[in-house]
Amino acid sequence: MTSEIKFLIDLDENRVPEKLQWSAEDGGVNQQEAKAIMLSIWDSKAQETLRIDLWTKEMPVDEMKKFFHQTLVAMSDTFQRATDDQQMTDTMKDFCEYFAEKMDLVK
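Being a predicted model, the structure only gives us computed values, none of them experimental.

Participant: Sorry, what's going on with a negative patch on the surface here?
Facilitator: Negative charge collects at one region of the surface, where Asp84, Asp85, Asp90, Asp94, Glu97 and Glu101 lie side by side. Following the sequence through the fold, Glu97 ends up in helix H2 (residues 86–102).

Participant: I'm lost on the packing of aromatic side chains in this one. Help?
Facilitator: The relative placement of two aromatic rings is captured by the distance of their centres and the angle of their planes. Considering all chains together, one arrives at 2 aromatic pairs under this definition. Ring geometry for Phe95 and Phe99: centres 6.1 Å apart, planes at 50°, overall tilted. With Phe95 and Phe99 both in helix H2 and 4 residues apart, this pair spans about one turn of that helix. For Phe95, a relative accessible area of 41% puts it in the partly exposed group. The rings of Phe95, Tyr98 and Phe99 are connected pair by pair, giving a single aromatic cluster.

Scoring rules and cut-offs
- Residues numbered from 1 in each chain as written.
- Predicted model: local features only at pLDDT ≥ 70, side-chain atom pairs only at ≥ 80, totals over all residues.
- Heavy atoms only, no water.
- Patch = residues over 30% accessible without salt bridge, like charges linked within 9 Å, V, L, I, M, F, W, Y side chains within 5 Å.
- Areas by Shrake-Rupley, 256 points an atom, 1.4 Å probe, with all protein chains shown as cover.
- Salt bridge = Lys/Arg side-chain N within 4 Å of Asp/Glu carboxyl O.
- Lys, Arg positive; Asp, Glu negative; His and termini not counted.
- Charge placed at Lys NZ, Arg CZ, Asp CG, Glu CD.
- Helix = DSSP H or I, 4+ residues; strand = E, 2+ residues; numbered from the N terminus.
- Phe/Tyr/Trp six-rings, centres within 6.5 Å; stacked < 30°, edge-to-face > 60°.
- Buried < 20%, exposed > 50% of the residue type's maximum accessible area, 1.4 Å probe, protein only.

In structure tokens:
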């Protein structure tokens, strides 16, 4: 069995993303618009992370701050599940709280 996730990126003349869409048929997503994408891929052979970070011209800075915060929180949760390292997870969560405070994301 295989599953496919597709990203479609419309670029302007300077190769800056104007429109981002993604599809994941298994998840019921078909050409859903997005304003930003962060994708990390682990290259085990080279022992390094390959990254694709894209955002459209219309991505507001306040939304980018929320996007980063929520990504950091999700990475903390994933780190916990992947490593079962509670002490470092707690440290990462503390940083997420600090980040939210400094970015005025706390209500």
